[in-house]
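# Structural features, examined
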Amino acid sequence: MTKVKCNAKTCGYNSSCDCTKRFIDVEGLFAKSKIGTFCQSFKNPHNNEGLKQEMAKEMSCDSTIKVSCSANYCVFNQDDYCHKDEITIGNENAQYRSETQCDSFKLKS
């Protein structure tokens, strides 16, 4: 389990820069830097009450989250899960998941 700090201010799962989703998915199959990664779980509810209610079912008060990860070139990816105590999802101005990134990505040597 990983603590996820989130700087994507428009994500509905962001609560004071902490991710509140129980399980997130970080993508970046061929990424060689953080720029090639993104948070597949990012959702921008844009005042959509139906989406907000749906998202509430996926949220947790626990500060640790299971993080699946397809970034095969990241040192923290082991068996398609992140094995780092804390990661940060970036781009505070992201409006779409493709505009986010895993700021904690570290290229395997």
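Residues numbered from 1 in each chain as written. Predicted model: local features only at pLDDT ≥ 70, side-chain atom pairs only at ≥ 80, totals over all residues. Heavy atoms only, no water.

The subject of this paragraph is the nonpolar core. The biggest cluster of nonpolar side chains holds 24 residues, and the ones touching the most others in it are Val4, Ile24, Val26, Val67, Ile87 and Ile89. Within the residue set of this core, elements represented by two or more residues are strand E1 (2-6), strand E4 (23-27), strand E6 (64-69) and strand E9 (86-90). In terms of residue count, the dominant contributor to this core is E6 (three residues). Setting aside chain neighbours within four positions, we find Val4 in contact with Cys17, Asp18, Cys19, Ile24, Ser63, Ile65, Val67, Ile87 and Ile89. (Core = buried A, V, L, I, M, F, W, Y, C linked by side-chain atoms within 4.5 Å. Buried < 20%, exposed > 50% of the residue type's maximum accessible area, 1.4 Å probe, protein only. Helix = DSSP H or I, 4+ residues; strand = E, 2+ residues; numbered from the N terminus. Contact = heavy atoms within 4.5 Å.)

Turning next to empty space enclosed by the protein. Scanning all chains against the criterion turns up two cavities of 30 Å³ or more. In this model, the largest cavity occupies a volume close to 90 Å³. What lines the largest cavity is a set of 13 residues, among which Val26, Cys69, Cys74, Cys82 and Cys102 lie closest to the centre. When its residues are assigned to classes, the lining of the largest cavity shows 10 nonpolar, three polar and no charged. For the second largest cavity, the calculated volume is near 70 Å³. Along the walls of the second largest cavity sit Val4, Cys6, Cys11, Tyr13, Cys19, Ile24, Cys39, Ser41, Phe42, Ile89 and Thr100, which together make up its complete lining. In terms of residue class, the lining of the second largest cavity is made up of nine nonpolar, two polar and no charged. (1 Å grid on protein atoms, 1.4 Å probe; cavity = no way out; pocket = protein on both sides within 12 Å on 5 of 7 lines; lining within 4 Å. Points joined across faces, edges and corners; volume = space filled by probe spheres on them. Nonpolar A, V, L, I, M, F, W, Y, C, P; charged D, E, K, R; others polar.)

Together, Leu29, Phe30, Tyr73 and Leu107 make up an exposed nonpolar region whose accessible area comes to about 410 Å². In this fold, Tyr73 is placed in the loop between E6 and strand E7 (77-78). Overall, Tyr73 belongs to the partly exposed group, its relative accessible area being 34%. (Patch = residues over 30% accessible without salt bridge, like charges linked within 9 Å, V, L, I, M, F, W, Y side chains within 5 Å. Areas by Shrake-Rupley, 256 points an atom, 1.4 Å probe, with all protein chains shown as cover. Salt bridge = Lys/Arg side-chain N within 4 Å of Asp/Glu carboxyl O.)

Opposite charge on two side chains allows them to pair when their charged atoms are near. For the structure shown, the criterion picks out five salt bridges. In this structure, Glu92 and Lys9 form a salt bridge, with 3.7 Å as the shortest nitrogen-oxygen distance. A residue pair is termed long-range when its members are at least 10 positions apart, and Glu92 in the loop between E9 and strand E10 (101-102) and Lys9 in the loop between E1 and strand E2 (14-15) qualify at 83 residues. Under the relative-accessibility criterion, Glu92 is labelled partly exposed at 40%. For Lys9, a relative accessible area of 56% translates into the label exposed. Put simply, Lys3, Lys5 and Asp18 are held in one network by salt bridges that share partners.

Okay, the pairing of E6 next. Sheet topology note: the E1/E6 ladder contains two bridges and is antiparallel. Residue pairing for E6: Thr2 is matched across the bridge by Ile65. Sheet analysis places E4 next to E6, joined by four bridges and oriented parallel. Residue pairing across strands places Asp25 opposite Ser68, the latter belonging to E6. (Pairing = 2+ DSSP bridges.)

Quick look at the side chain of Gln101 now. For Gln101, the location among the structural elements is in strand E10. Among the polar contacts listed, one links the side chain of Gln101 to the side chain of Asp103, at a separation of 2.9 Å. Apart from the residues within four sequence positions on either side, Gln101 is in contact with Lys34, Ile35, Thr37, Phe38, Thr88, Ile89 and Gly90. (Polar contact = N/O pair within 3.5 Å; in protein donor to acceptor, adjacent residues only side chain to side chain.)

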